[in-house]
Amino acid sequence: MTRDPRYDVLFEPVAIGPVTARNRFYQVPHCTGMGYDYPRTLNRLREINAEGGWGVVCTEFCSIHPSALSNRQCTLWDEDDVAMLADMVERVHRHGALAGVQLWYGGYSNYNTLTRELPLGPHSVPVWHGPGQTQAMTRADIRRLRRWHREAALRAKRAGFDIVYVYAAHGYLPAQFLSPILNQRTDEYGGSFENRARLIRELLEETRDAVGDACAVAFRFAVDNLDAALGIAHDGEGRDLVELVADEPDLWDVNIANFQSDALPSRFAGEAAQEPYVRFVKRVTTRPVVGVGRFTSPDTMIGQINRGVLDFIGAARPSIADPFLPRKIEEGRPEDIRECIGCNICIWSNHKGFPLRCTQNPTRGEEWRRGWHPEEIATRHADESVLVVGAGPAGLEAALSLGRRGYRVVLAEALTELGGRVTRESALPGLSEWARVRDHRVHALRQMPNVEIYRDSRLDAEQVFGFGFAHVCIATGSRWRRDGTGRSSAAPFSGWRSEGVVGPEDIFRGAGLEGPCVIFDDDHFYMACVIAEKAREAGHEVTLVTTANEAASEGHGSLEQHPSQARLLELGIELLCGHRVSAFEPGAVTLACVYTGRERTRPCKTLVPVTSREPEEALYLALAADESRLREAGIVSLERIGDCAAPGLIAAAVFAGHRYARELGGNAAVPARDRIVISGASREDL
Ligand code: ADP
Ligand code: SF4
């Protein structure tokens, strides 16, 4: 297939100072939860992006000195780091992309628990993460910082990087100096705008002086803090700064505010949401501009270029969900793009301290460890057939990847609609993009002659025994409990069978609600919040009761805690923290404080417990119980995957489906634990 000529503009080479990017696809710096702990995992991930067609591939934030160190990030402190990053550069260059490095100094951001160096800042204030305060920088400290930055830039050049960043976004040190609030200095680095901008100007000049002969100097800048108190606005000092150093950098990489606002989940920001803030930049500078906006549509991308908003299509999450996004557009098959759904599980995993995981892309983070490639998979181990039961994320992914391997696959789904939980959840407020998990897979499955899909086909064990498939994969999912059992209570609350107790599954099926409603959250992620929103949208009085101390407490990692709680409050939903449901009777709910046990009763016509889920495991257990019948039926292997094995994230279900398909026939880098292989079966090559 050839590419649509409308998209030609995306494949034009663009000069960035002394180097030239082969196209306009730019993987901006983003965290991975790997850094210095998992260098090979990280470098292979970046290589895959280059192979997938990105014109520029960058590191994550890369510490220049031990006095600024976050968790699991890159460092550029010494020649060992140069060697580690030179490997990344070599891998990126192998596929014709430019390699960029984002030099980072955190300032107020971190307490340096590993190195135990005192964090430095423009003045002494509490650090964001951890106890204690920064040490106010003296002029000598500022001189040292500039030297560290210059030396790190020289190391970056030795590692072979093409683009070296000065980084004044996401609230890190140079941005702290610029802020009239975060910088309370009274010397030539504080006070007036020119003084507060001094450090940025010096870093830009000194980086150019150090490496500008061979490397482009990029400047990553948050043009608006979205917080009047912090003082930088895109129509105020944010613009003033762009005007001040307009053509100093070779490239502007622009975004907004702190990381929380820059990478909002899809519930709170759609594609190209930053355009109103960043579009002025190209009018001020003659240098190329890259910006982000969770771009997955090539039509939106060409709009950004043709309307003069951006020169490069920046992407972090879209490159995680589909490292081959540029290649798919180039090859004339944009409909094959695995579009990011904006769930932020990638960011959540990084914040939790492990390598990034992606809901849409089960191979992300597994490129080196398991040797998984996002677009390649081994052909089938034998000409055999597989029955996959259940077409949720796990079953759909299993069927798709088995189909790619060339197996004969039958996918049976009880309902008319495919997609399982993502179909149900995508109808809830703000979650429409969840349907992309289904749509991407169903689109690909439709092209596969070796995969048959049967809807309205609820299977029982007798049917499965009767079919004669060699391999049976059970992906029957899970359902939410209504009895309130979960993290905080192993026993159901009294009255849970009463009329008026409505489970999330009932809500998915369109159950009517009567106010006042109480949504009881012991799950702590997004589900209780979106159900509360739905009830409020229907005009009811709503209270969200949570056993945690805030709404959506698990959402800190995915950057949705703050906006979730803000939205609840804006919608007029009452929030009651630190309580659990102890009893319900029609018209009233009794709540107990999780600290004191003290009870209170309040009016409640509808109670929705969002606590935990029960695996739909009956079919698997019925099959697994009878090994002799499995053998008689010619079933060589039986396995359960996804939520029916253990309810979890959508990302975990997709991963389980993918892993099942990869490992069928014994290709496992790490063997699956839960596969029953029938001994004495005729197929010996399992
Ligand atoms: P997961 O996240 O593990 O993929 P889901 O709950 O999203 O799980 O999807 C499970 C799917 O399995 C649902 O669409 C459900 O209708 C289907 N299903 C459950 N039991 C059966 C069965 N016995 N036969 C066919 N499909 C089933
Ligand atoms: Fe997008 Fe979610 Fe994947 Fe992150 S985890 S890249 S937000 S689909």
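Predicted, not measured: the structure shown is a model, and the values here were computed from it. The residue count restarts for each chain, going from 1 along the sequence in the order it is written. To label them, take the chains in the order written and letter them from A, then take the ligands in the order written and number them from 1. At least 70 in pLDDT is required for a residue's local features to be given in this predicted model, at least 80 for side-chain atom pairs to be given and counted, and no such filter applies to totals for whole chains, interfaces and linings, which use all residues. Only hydrogens and water are set aside when side-chain values are computed; all heavy atoms of the structure are taken into account.

Colleague: Lay out the packing of aromatic side chains with the relevant residues and their values.
Modeller: A pair of aromatic rings is counted whenever rings of Phe, Tyr or Trp (Trp by its six-membered ring) have centres within 6.5 Å, and the orientation is called stacked for planes under 30 degrees apart, edge-to-face for over 60 and tilted otherwise. Tallied over the full model, the rule gives 19 aromatic pairs. Measuring from ring centre to ring centre gives 5.2 Å for Phe219 and Trp252, while their planes differ by 65 degrees; the resulting arrangement is edge-to-face. Remark: Trp252 occurs in strand E11 (residues 251-255) and Phe219 occurs in strand E10 (residues 216-222); sequence separation between them is 33 residues. Accessibility assignment for this pair places Phe219 and Trp252 in one class, buried. Judged by centre distance (5.6 Å) and plane angle (80 degrees), the ring pair of Trp434 and Tyr526 falls under edge-to-face. Of this pair, Trp434 sits in the loop between helix H16 (421-425) and helix H17 (435-446) while Tyr526 is found in the loop between strand E19 (517-521) and helix H20 (527-537), placing the two residues 92 residues apart along the sequence. Residue Trp434 shares its accessibility class with Tyr526, and that shared class is buried. Following the ring pairs from residue to residue traces out a cluster consisting of Phe61, Trp104, Trp128, Tyr167 and Tyr172. Put simply, a charge is over a ring when the Lys NZ or the Arg CZ is close to the ring centre, within 6 Å, and near the line of the ring normal, within 35 degrees. The ring of Trp480 carries the charged tip of Arg613 above its face, separated from the ring centre by 5.3 Å. Numbering of helices and strands starts at the N terminus; helices are DSSP runs of H or I of at least 4 residues and strands are runs of E of at least 2. Here's how the labels work: a residue is buried when its accessible area is under 20% of the maximum for its type, exposed when over 50%, partly exposed in between, all with a 1.4 Å probe on protein chains only.

Colleague: Can you tell me about the site of ligand 1, naming the residues and giving the values?
Modeller: Note on definitions. A residue lies near a molecule or strand when any single heavy atom of the residue is within 4 Å of it. In the neighbourhood of ligand 1, 24 residues make up the surrounding shell, with Ala394, Glu413, Arg421, Leu459 and Asp643 lying closest. A distance of 3.0 Å is found between a nitrogen atom of ligand 1 and a backbone nitrogen or oxygen belonging to Leu459. Accessible areas in this description were obtained via Shrake-Rupley with a 1.4 Å probe; residue shielding takes into account the shown protein chains only. Relative to its unbound accessible area of 580 Å², ligand 1 is 95% covered by the protein chains. Listing elements by their share of the shell around ligand 1, those giving two or more residues are helix H15 (393-405) and H16. Polar here means any residue outside two lists: the nonpolar Ala, Val, Leu, Ile, Met, Phe, Trp, Tyr, Cys and Pro, and the charged Asp, Glu, Lys and Arg; Gly therefore counts as polar. Its residues placed into classes, the shell around ligand 1 shows eleven nonpolar, eight polar and five charged. In protein, a polar contact requires one atom able to donate a hydrogen and another able to accept it; more generally it is a pair of N or O atoms within 3.5 Å, and residues adjacent in sequence count only if both atoms are side-chain atoms.

Colleague: Explain the domain arrangement of the protein chain residue by residue, including any values.
Modeller: When the parts of a complex come together, some accessible area is lost, and that lost area is often used as the size of the interface. With domains assigned, the protein chain is organised as domain 1 (5-352), domain 2 (385-477 + 616-677) and domain 3 (483-613). The distance between the C-alpha centroids of domain 2 and domain 3 comes to 32 Å. Taken together, the contact pairs twelve residues of domain 2 with eleven residues of domain 3. Between domain 2 and domain 3, the buried area comes to about 960 Å², and carbon and sulfur atoms account for 67% of it. Close ionic contact of Glu505 with Arg424 constitutes a salt bridge, the shortest N to O distance being 3.7 Å. Across the contact surface, domain 2 and domain 3 share five residue pairs in polar contact (both at pLDDT 80 or more). At three residues, H16 tops the list of elements feeding residues into the side of domain 2 that touches domain 3. Split into classes, the residues belonging to the side of domain 2 that touches domain 3 amount to seven nonpolar, one polar and four charged. Here the bounds of each domain stem from an automatic or database domain assignment. In what follows, a contact means two residues having at least one pair of non-hydrogen atoms within 4.5 Å. Here's the idea: put two parts together, see how much 1.4 Å probe accessible area each one loses, and the total over both is what we call buried area. The working definition used for a salt bridge is a side-chain nitrogen of Lys or Arg within 4 Å of a carboxyl oxygen of Asp or Glu.

Colleague: An account of unusual backbone geometry is requested, with residue identities and associated values reported.
Modeller: Cis geometry is adopted by the peptide bond preceding Pro516, which originates at Gly515 and carries an omega value of 0 degrees. Among the secondary structure elements, Pro516 is positioned in the loop between helix H19 (504-508) and E19. At Arg116, a residue that is not glycine, the phi angle is positive and equals roughly 65 degrees. Mapping Arg116 onto the fold places it in the loop between strand E6 (98-104) and strand E7 (120-121). A positive phi angle, close to 65 degrees, is found at Asn344, a residue other than glycine. Among the secondary structure elements, Asn344 is positioned in the loop between helix H13 (325-330) and helix H14 (345-352). On the accessibility criterion, Asn344 (1% relative accessible area) is buried.

Colleague: Summarise helix H21 (residues 561-570); cite the residues concerned and give the values.
Modeller: Buried within H21 we find Gln561, Pro563, Ser564 and Leu568. Of the surrounding elements, those touching the buried residues of H21 are H20, strand E20 (542-546) and strand E21 (574-576). In the stretch just after H21, Gly572 is the one whose phi turns positive, near 80 degrees.

Colleague: Before we move on, can you summarise the site of ligand 2 with the specific residues and values?
Modeller: Surveying the vicinity of ligand 2 reveals 13 residues, the closest of which are Cys340, Cys343, Asn344, Cys346 and Cys358. Of all the secondary-structure elements, those providing two or more residues to the shell around ligand 2 are helix H12 (317-321) and H14. Element by element, the count of residues in the shell around ligand 2 is highest for H12, at three residues. Residue composition of the shell around ligand 2, grouped by class: eight nonpolar, three polar and two charged.

Colleague: Which residues make up the pairing of strand E23 (residues 587-593), and what values do they have?
Modeller: When you tally the buried positions in E23, you get six out of seven residues, the bulk of the element. Taken together, the six bridges between strand E22 (residues 579-585) and E23 define a ladder with antiparallel strand orientation. Bridge pairing links Val581 to Leu591 in E23. Two strands form a pair only when DSSP identifies at least two bridges running between them. Here E22 folds back onto E23, and the loop between the two strands holds one residue. Pairing between E23 and strand E24 (residues 599-604): six bridges, direction antiparallel.

Colleague: How would you sum up the sheet that holds E24? Please name residues and give values.
Modeller: Strand order in this open sheet of three strands is E22-E23-E24, and the pairing throughout is antiparallel. The two strands at the open ends of the sheet, each matched to only one other strand, are E22 and E24. Direction aside, neighbouring strands of the sheet carry axes that sit 30 degrees apart on average. Note on method: axes are straight lines fitted to C-alpha atoms, helices fitted across the in-contact stretch only, with angles between N-to-C directions ranging 0 to 180 degrees.

Colleague: Go over the confidence of the model for the protein chain with me, naming the residues and quoting the values.
Modeller: Do not read the fine detail of predicted coordinates wherever pLDDT is low. The predictor rates its confidence in each residue with pLDDT, a number between 0 and 100. Chain-level statistics for the protein chain give a pLDDT mean of 95 and a share of 97% at 70 or above. Low pLDDT (under 50) marks residues 679-686, which in the prediction has 16 contacts with non-local residues, meaning those over four places away or in another chain.

Colleague: So what's going on with the pattern of salt bridges? Which residues, and what values?
Modeller: For the structure shown, the criterion picks out 63 salt bridges. The partner of Arg6 in a salt bridge is Asp299, with the nearest N and O atoms 2.9 Å apart. Taken together, the positions of Arg6 in the segment before strand E1 (14-16) and Asp299 in helix H11 (residues 298-306) put the pair 293 residues apart, joining distant regions of the chain. Owing to a relative accessible area of 46%, Arg6 belongs among the partly exposed residues under this scheme. Linking Arg602 and Glu574 is a salt bridge whose minimum nitrogen-to-oxygen distance equals 2.7 Å. Here Arg602, found in strand E24, pairs with Glu574, found in strand E21; they are 28 residues apart in sequence, far enough to count as distant. One network of salt bridges, with partners in common, ties together Arg44, Glu47, Asp87, Glu90, Arg91 and Arg94.

Colleague: Now, about the sheet that holds E21: what can you tell me, with residues and values included?
Modeller: The parallel open sheet is built from four strands, whose spatial order is E21-E20-E19-E25. Every other strand in the sheet has two partners, leaving E21 and strand E25 (606-610) as the edge strands with one partner each. Going across the sheet, the axis of each strand differs from the next one's by a mean of 20 degrees, ignoring polarity.

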